[in-house]
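# Structural features, examined
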Amino acid sequence: MRKETPAQAGLGSGLRLEGKTALITGGAQGLGAAIAARFAEEGALVFLGDLAAKAEAGAGAVTAIKAAGGRAFFTALDVTCEQSWQEALAAVVKEAGKLDVLVNNAGVSIRENIEDMKVENLDTMLAVNVKGPFLGCKHAIPLLRKAGGGSIINISSVCGLIGHRYTNEAYTTTKGAVTLLTKSVAVRLAKDNIRCNSIHPSTVDTALVQELFKTPGRREERLGEVPLGRLGSTLDVANAALFLASDEAAFVNGVAFPVDGGTTAD
């Protein structure tokens, strides 16, 4: 497990998510797995929700977390299916007895411009990127309320804040929807001590992005828009999620939090 830093020791609270239970969608690999690992380092019991087809990858992520001294489970979850949400959350409650944090991380990007976008591909993106977080909020809220409150973190994108010149219209539409879903939940559920915030990364260095960068010029265009001059890392985003999940962010609600090296400030 990660050693407590002097700054953390000064807070007098030990591990920052000690005693909390979190469900992270898209948790089998990439950014979701990084968030799950970071939460587990800080004491959370984490559930990695992902498609049944990704169970092997999910098992690997769980094994890595346990090897580092954390606690983790994989649970099959298709975020586009309401019954799957009900079953996954029932599994969380059966094992942990409660839910404190939901991270709606699962997402998909089909790279077709508006003139070429197939309707079925648009439907897929809307189902995963918008319907998924909506259903997650719908079914997590009663559990968070029962726990006395909690944190919902929706992973959006810089494309949920700006019209991004390198990103297609469908993806931007879905991520913009996540931004305002977040704010609506934040203001309406605050009375139940349920906070809801969104994170807006610029390009994050993942295996999928490395595939994108095989196209000549793509790496240079993405690096060129970031004032800090580098790609985001999964740890950059995971640390932001950790803050929003923790009690340190107890008065942070309805925030669209860029983790973008200054991209949206330019």
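Treat the numbers as computed from the prediction; the structure is a model and nothing was measured.

About the criteria used
- Residues numbered from 1 in each chain as written.
- Predicted model: local features only at pLDDT ≥ 70, side-chain atom pairs only at ≥ 80, totals over all residues.
- Heavy atoms only, no water.
- Helix = DSSP H or I, 4+ residues; strand = E, 2+ residues; numbered from the N terminus.
- Contact = heavy atoms within 4.5 Å.
- Pairing = 2+ DSSP bridges.
- Axes fitted to C-alpha atoms, helices over the stretch in contact; angles between N-to-C directions.
- Core = buried A, V, L, I, M, F, W, Y, C linked by side-chain atoms within 4.5 Å.
- Buried < 20%, exposed > 50% of the residue type's maximum accessible area, 1.4 Å probe, protein only.
- Expected span 1.5 Å × (residues − 1).
- Bend = angle between axes of the 7 residues up to and from the residue.
- pLDDT = per-residue confidence, 0-100.
- Phe/Tyr/Trp six-rings, centres within 6.5 Å; stacked < 30°, edge-to-face > 60°.
- Lys NZ or Arg CZ within 6 Å of the ring centre and 35° of its normal.
- Parallel < 35°, antiparallel > 145°, perpendicular 65-115°, else oblique.
- Left-handed = near helix turned anticlockwise from the far one by under 90°.
- Nonpolar A, V, L, I, M, F, W, Y, C, P; charged D, E, K, R; others polar.
- Polar contact = N/O pair within 3.5 Å; in protein donor to acceptor, adjacent residues only side chain to side chain.

This part takes up the side chain of Ser157. On the secondary structure map, Ser157 appears in the loop between strand 5 (150-155) and helix 6 (169-189). Residues contacting Ser157, with those up to four places away along its chain left out, are Tyr171, Lys175, Ile199, His200 and Pro201.

With parallel pairing, 7 strands are arranged side by side in an open sheet as 3-2-1-4-5-6-7. The sheet terminates laterally at strand 3 (71-76) and strand 7 (256-259), the two strands that pair on one side only. Averaged over all pairs of adjacent strands, the angle between their axes in this sheet comes to 20 degrees, without regard to strand direction. One ladder, built from 3 bridges, connects strand 1 (residues 21-25) with strand 4 (residues 101-104); its direction is parallel. When the bridges of strand 4 are listed, Ala22 appears paired with Val101. Packed onto the sheet, helix 5 (residues 119-146) meets strand 4, strand 5 and strand 6 (194-201) and runs at close to 180 degrees relative to strand 4.

If you look at the biggest cluster of nonpolar residues, it comprises 31 residues, and the most contacted ones within it are Ile35, Phe39, Val46, Ile153 and Ile199. Those elements that place two or more of their residues in this core are strand 1, helix 2 (30-41), strand 2 (45-50), helix 3 (55-67), strand 4, strand 5 and helix 9 (234-245). Considering each element in turn, this core owes the most residues, 7 residues, to helix 9. Look past the residues within four positions of Val46 in its chain and what remains in contact with it is Ala22, Ile24, Ala36, Phe39, Ala40, Ile65, Arg71, Ala72 and Phe73. The next biggest cluster of nonpolar side chains, apart from the first, holds 25 residues, and it includes Leu23, Phe47, Leu77 and Ile152.

In this model, helix 5 (28 residues) spans 40 Å end to end at C-alpha, consistent with the 40 Å of a helix rising 1.5 Å per residue. If you look at helix 5, its biggest bend is around 35 degrees, right at Ala140, and the proline Pro142 turns up within four residues after that. One or two residues past the end of helix 5 sits Gly148, with phi positive at roughly 95 degrees.

For the protein, per-residue confidence averages 94 on the pLDDT scale, and residues scoring 70 or more make up 95% of the total. Considering each helix and strand of the protein separately, the mean pLDDT is smallest for helix 1 (residues 6-11), with a value of 37, and largest for strand 1, with 99. In the predicted structure, residues 1-12 sits below a pLDDT of 50 and forms 19 contacts with residues beyond four places in sequence or in another chain.

What follows covers the packing of aromatic side chains. One pass over the full model with this rule turns up 1 aromatic pair. Relative to Phe73, the ring of Phe47 has its centre 5.3 Å away and its plane inclined at 20 degrees; by these criteria the two rings are stacked. Highlighted residues: Phe47 in strand 2 and Phe73 in strand 3, separated in sequence by 26 residues. Judged by its relative accessible area of 30%, Phe73 falls in the partly exposed class. When the ring centre of Phe73 is taken as reference, the NZ or CZ atom of Lys66 above it lies at 5.5 Å.

This paragraph deals with the packing of helix 5 against helix 6. At their nearest, the axes of helix 5 and helix 6 sit 9 Å apart, and the two run at 15 degrees to each other. In terms of their interaxial angle, helix 5 and helix 6 are classed as roughly parallel. The crossing of helix 5 and helix 6 is right-handed. Residue-level contacts link Leu122, Met125, Leu126, Asn129, Val130, Pro133, Phe134, Cys137, Ile141 and Arg145 of helix 5 to Ala170, Tyr171, Thr174, Lys175, Ala177, Val178, Leu181, Val185 and Leu189 of helix 6. Its residues assigned to classes, the contact of helix 5 with helix 6 shows 15 nonpolar, 2 polar and 2 charged.

Our next topic: the side chain of Ser156. Within the secondary structure layout, Ser156 lies in the loop between strand 5 and helix 6. Here the side chain of Ser156 touches His200 through a polar contact of 3.4 Å, side chain to side chain. Not counting the four nearest positions on each side in its chain, Ser156 is found in contact with Lys175, Val178, Thr179, Ser198, Ile199, His200 and Pro201.

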